[in-house]
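Geometric and topological summary
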Number of protein chains: 2
Amino acid sequence: MRESPEGRLVAYQDRTPSQDPAPGGRRDRADVRRNRELLLAAARAVYAEEGADAPLKAVAARAGLGVGTVYRHFATQDALVEAVLVDHLAALDGLATHLRCTHEPHDALAAWLQEFVRRLTEYRGLAGVVLPQMKDPHSPVGQACQRLREVAGEMLVDAQRDGSVRSDVDVLLMLTLANAVALVVEQRPHQAGSALSFMVSGLRPE
Amino acid sequence: MRESPEGRLVAYQDRTPSQDPAPGGRRDRADVRRNRELLLAAARAVYAEEGADAPLKAVAARAGLGVGTVYRHFATQDALVEAVLVDHLAALDGLATHLRCTHEPHDALAAWLQEFVRRLTEYRGLAGVVLPQMKDPHSPVGQACQRLREVAGEMLVDAQRDGSVRSDVDVLLMLTLANAVALVVEQRPHQAGSALSFMVSGLRPE
DNA sequence: ACCTGAACACCGTTCAAGT
DNA sequence: ACCTGAACACCGTTCAAGT
């Protein structure tokens, strides 16, 4: 229900991006796109400094825009976080495909989970924002993770089939466990290696 | 530093609780104690219904007292949570002592951690409140966990000495990992068994 | 159309006024 | 002393007014 019923953009395709708003105050599509990019860049900068749970007002101020504009582009705070996350999620998709071709199932899964945790610890507070959304397909991040669940699920099944991962864990539990390990890494960064090792061992059959 | 230097209550022991405050408006010690108990009971009830991150105002209303009274008894919201937790922490202390006498090191640790997770999932949101405080000895919960860290540390060392638990994990990491597993259980209660099993496997040496 | 920011709702915490 | 609740600070979200 999120995509508009009509996707054609033909009428605006060849407008110059730097063009000033029309006299009537009309803005062209390029301005809107640019604001979106400004907000995403601002969010990344603010998240890096203050954590992913930084006040939304800080993001708006950093972008030089009003709070209302943030809400015009991103329905909620979670939606903004999701938009910042999409690059990470796409990269994890690609990584999964690659690892499946080049590694044994268990090694592929272990390497992928490590990267998953690394990306969830990119910003302080990020893992905490993601955790409750993971299981909810209606939440922005949960929605964005659908594809991730498929590819991660394939890797998981591979590893379970050859007996290197316990069979009572499903994709969602695995991702939730990894998400929780990211929370631990956030608390104890100097023990990140041990926490990751703990996670991989924990998935081994008993 | 939490117990009063003088614990005798003799002078007030036989006062009837329903007695009115003295004309001058002076309240006796029993009233104050009673308010504290009212607040703790209210907190337990509200936490059970709304989670440990319920608004403080809800607790005050449930107790039939003003918000200011909550702050008179508990310096902050975390302090109230800590006060609700002390029973659990004391029980975990006792359990550790008991398990050390009756079980092999690894079994004792596994059983204790399971109970630790169970108590952190008593109220929704509790594990999330505890996690960031665990490592901070100045926080109310972190302070209250000092003793826990000692006894858990003893169990951990026992298990590490006989080679049944990996040696790169210290008490604080172990408790943080268990805390994180409690967060997972909160998200996926029907997979609590798998999550606990994951935790115990994860602690095994590689 | 899109942007702005004042306004509203909510919640933690404080403190002047009451007893 | 202790209790009360209005007041303040903060933050997410909305919406009437501007362009």
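Residues numbered from 1 in each chain as written. Chains lettered and ligands numbered in written order. Predicted model: local features only at pLDDT ≥ 70, side-chain atom pairs only at ≥ 80, totals over all residues. Heavy atoms only, no water.

Each partner contributes residues to the interface: chain B has 25 residues there, and chain A has 25 residues. Between chain B and chain A, a total of about 2,500 Å² is buried, with carbon and sulfur atoms accounting for 63% of that surface. Ranking the residues of chain B by area buried against chain A places B:Gln187, B:Arg188 and B:Phe198 at the top, with a combined share of 27%. Along the contact surface separating chain B from chain A lie zero salt bridges. Here the element with the most residues in the side of chain B that touches chain A is helix H9 (residues 171–187) of chain B; it accounts for eight residues. Considering only residue class, the side of chain B that touches chain A consists of 11 nonpolar, seven polar and seven charged. (Contact = heavy atoms within 4.5 Å. Buried area = accessible area lost by both parts, 1.4 Å probe. Salt bridge = Lys/Arg side-chain N within 4 Å of Asp/Glu carboxyl O. Helix = DSSP H or I, 4+ residues; strand = E, 2+ residues; numbered from the N terminus. Nonpolar A, V, L, I, M, F, W, Y, C, P; charged D, E, K, R; others polar.)

Residue and element names in this part refer to chain A. With domains assigned, chain A is organised as domain 1 (25–75) and domain 2 (77–203). For domain 1 and domain 2, the distance between their C-alpha centroids amounts to 27 Å. On the side of domain 2, 12 residues touch domain 1, which itself brings 18 residues to the contact. When the two sides are added together, the surface that domain 1 and domain 2 hide from each other amounts to roughly 1,200 Å², 66% of it contributed by carbon and sulfur. Looking only at domain 1, the three residues that lose the most surface to domain 2 are Arg44, Tyr47 and Ala52, adding up to 43% of its buried area. Inspection of the domain 1/domain 2 interface yields one salt bridge. Across the contact surface, domain 1 and domain 2 share two residue pairs in polar contact (both at pLDDT 80 or more). Going through the elements one at a time, helix H1 (29–50) and helix H2 (56–63) are the ones with two or more residues in the side of domain 1 that touches domain 2. The element contributing the most residues to the side of domain 1 that touches domain 2 is H1, with eight residues. The residue makeup of the side of domain 1 that touches domain 2, split by class, is 12 nonpolar, one polar and five charged. (Domains from an automatic or database assignment. Polar contact = N/O pair within 3.5 Å; in protein donor to acceptor, adjacent residues only side chain to side chain.)

To continue, consider the layout of surface pockets. The space that makes up the second largest pocket amounts to roughly 440 Å³. In terms of lining residues, the second largest pocket is bounded by 17 residues, among which A:Gly128, B:Gly125, B:Gly128, B:Val129 and B:Leu183 are the most central. Mapped onto the lining of the second largest pocket, the elements with two or more residues apiece are helix H6 (126–134) and helix H9 (171–187) of chain A together with helix H6 (126–134) and H9 of chain B. Counting residues per element, the lining of the second largest pocket draws most heavily on H6(B), which supplies four residues. Here the lining of the second largest pocket is built from residues that sort into seven nonpolar, six polar and four charged. (1 Å grid on protein atoms, 1.4 Å probe; cavity = no way out; pocket = protein on both sides within 12 Å on 5 of 7 lines; lining within 4 Å. Points joined across faces, edges and corners; volume = space filled by probe spheres on them.)

In this section: the protein's contact with DNA strand D. By nearness alone, 16 residues border DNA strand D, and A:Leu56, A:Tyr71, B:Asn35, B:Gly66 and B:Thr69 come closest of all. Counting only atoms of DNA strand D within 4 Å of the protein, the fraction found in sugar and phosphate groups is 73%. Separating a phosphate oxygen of DNA strand D from a backbone N or O atom of A:Leu56 is a distance of 2.9 Å. Measuring from a phosphate oxygen of DNA strand D, one finds a side-chain N or O atom of B:Asn35 at 2.2 Å. Among the secondary structure elements, those contributing two or more residues to the surface near DNA strand D are helix H1 (29–50) and helix H3 (67–73) of chain B. Tallying contributions element by element places H3(B) first for the surface near DNA strand D, with five residues. Per-class residue counts for the surface near DNA strand D are seven nonpolar, seven polar and two charged. (Near = heavy atom within 4 Å.)

Let's shift gears to the side chain of B:Gln133. Residue and element names in this part refer to chain B. Here Gln133 shows up in helix H6. We classify Gln133 as buried; its relative accessible area is 5%. Not counting the four nearest positions on each side in its chain, Gln133 is found in contact with Asp78, Ser139, Pro140, Val141 and Gly142. (Buried < 20%, exposed > 50% of the residue type's maximum accessible area, 1.4 Å probe, protein only.)

DNA strand C sits among 16 residues. The nearest are A:Asn35, A:Gly66, A:Thr69, B:Leu56 and B:Tyr71. The share of sugar and phosphate among atoms of DNA strand C within 4 Å of the protein is 72%. Taking A:Asn35, its side chain carries an N or O atom lying 2.2 Å from a phosphate oxygen of DNA strand C. Within the side chain of A:Thr69, one N or O atom sits 2.4 Å away from a phosphate oxygen of DNA strand C. At the level of secondary structure, the elements contributing two or more residues to the surface near DNA strand C comprise H1 and helix H3 (67–73) of chain A. Counted by class, the surface near DNA strand C contains seven nonpolar, seven polar and two charged residues.

For helix H4 (residues 77–102) of chain A, spanning 26 residues, the distance from its first C-alpha to its last is 38 Å, which sits close to the expected 38 Å at 1.5 Å a residue. Within H4(A), the axis deviates most sharply at A:Leu85, by approximately 40 degrees. (Expected span 1.5 Å × (residues − 1). Bend = angle between axes of the 7 residues up to and from the residue.)

Structural alignment of chain B on chain A gives an RMSD of 0.0 Å, achieved by rotating through 180 degrees and translating 0.0 Å along the axis. Both copies of the chain, as the preceding transformation shows, are related through a two-fold rotation axis. In terms of C-alpha distance to the rotation axis, chain B has B:Gly202 as its closest residue, with the C-alpha 1.8 Å off the axis. When the interface residues of chain B are mapped onto chain A, 100% of them again fall at the interface, so both copies present the same face. (Least-squares fit on C-alpha atoms with pLDDT ≥ 70 in both.)

All right, on to the nonpolar core then. Within the largest apolar cluster, 132 residues are counted, with the highest numbers of intra-cluster contacts made by A:Tyr47, A:Trp112, B:Tyr47 and B:Trp112. The contacts of A:Tyr47, once residues within four sequence positions are left out, are A:Ala52, A:Val59, A:Leu80, A:Val81, A:Val84 and A:Tyr123. (Core = buried A, V, L, I, M, F, W, Y, C linked by side-chain atoms within 4.5 Å.)

Residue and element names in this part refer to chain A. A complete count under the given rule lists five aromatic pairs over all chains for this structure. Ring geometry for Trp112 against Phe116: centres 5.5 Å apart, planes inclined by 20 degrees, an arrangement best described as stacked. Highlighted residues: Trp112 and Phe116, both in helix H5 (residues 105–120), separated by four residues, approximately one helical turn. Taken as a pair, Trp112 and Phe116 share a single burial class, namely buried. (Phe/Tyr/Trp six-rings, centres within 6.5 Å; stacked < 30°, edge-to-face > 60°.)

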